[in-house]
Amino acid sequence: MSTPRRRAIVAMLVERDGSACQLCGVNPAVEPSIDHRYPVSKYPDREWEADNWRIACQRCNSSRGNRIQPGDPESLGELSRRWTMA
Ligand SMILES: [Zn+2]
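Quick notes on the rules
- Residues numbered from 1 in each chain as written.
- Predicted model: local features only at pLDDT ≥ 70, side-chain atom pairs only at ≥ 80, totals over all residues.
- Helix = DSSP H or I, 4+ residues; strand = E, 2+ residues; numbered from the N terminus.
- Buried ≥ 20, exposed ≤ 12 C-beta atoms within 10 Å, placed from the backbone.
- Contact = placed C-beta atoms within 7 Å.
- Core = buried A, V, L, I, M, F, W, Y, C linked by C-beta atoms within 7 Å.
- Expected span 1.5 Å × (residues − 1).
- pLDDT = per-residue confidence, 0-100.

Caption draft 1: Representation of the overall build of the protein chain in the model. Per the secondary structure count, the protein chain includes 3 helices and 2 strands. Ordered by position from N to C terminus, the α and β elements of the protein chain give α-β-β-α-α. For the protein chain, the residues scored as buried account for 12% of the 86 residues in total. Partitioning the contacts of the protein chain with sequence separation of at least 6, the portion at a separation of at least 24 is 59%.

Right under this line is the structure:
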């Protein structure tokens, strides 16, 4: 992701969600990173969905990796519900 584009996305997310990390609630000391609720490695088609983005500090984003966290849509069975209802 190019830096100007990344900056624009971060600015949009700060406007929407506030500047605190959405995982630990701490304001990032350095420029926040963009976390994907659905990891791009598993869901490449969701990379550019605004609903899939959230602010995360570098520490959370790097430690989280590609794991799905409790409270994430996937862990709540949203995907399986969607599939069974389709
Ligand atoms: Zn954090």
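Caption draft 2: Structural view of the environment of Val 14. Structurally, Val 14 can be placed in helix α1 (residues 3-17). C-alpha of Val 14 to C-alpha of Pro 32: the two residues are 18 residues apart in sequence and 9.5 Å apart in space. Not counting residues up to four positions away in its chain, the partners in contact with Val 14 are Ser 19 and Ile 55.

Caption draft 3: Layout of the nonpolar core. Counting residues in each nonpolar core, the largest one holds 7 residues, listed as Leu 13, Cys 21, Trp 53, Ile 55, Ala 56, Cys 57 and Cys 60. By residue number, the principal contributor to this core is strand β2 (residues 53-56), which donates 3 residues.

Caption draft 4: Seen up close, α1. A rise of 1.5 Å per residue sets the reference length of α1, with its 15 residues, at 21 Å; its end C-alpha atoms lie 20 Å apart and thus fit the reference within 8%. The buried count for α1 comes to 1 of 15 residues, which makes it a mostly uncovered element. At the C-terminal side of α1, Gly 18 shows a positive phi close to 90°.

Caption draft 5: Geometry of the confidence of the model for the protein chain. Put simply, the protein chain has an average pLDDT of 81, and 72% of its residues get 70 or more. Mean pLDDT across the elements of the protein chain ranges from a minimum in helix α3 (residues 78-85), with 50, to a maximum in β2, with 95.

Caption draft 6: View of the environment of Glu 49. Assignment of secondary structure puts Glu 49 in the loop between β1 (33-36) and β2. A sequence separation of 13 residues divides Glu 49 from His 36, and the C-alpha atoms of the two residues are 9.2 Å apart.

Caption draft 7: Region of interest: the environment of Arg 59. Along the polypeptide, Arg 59 turns up in helix α2 (residues 58-64). For Arg 59, a count of 16 C-beta atoms within 10 Å corresponds to the partly exposed category.

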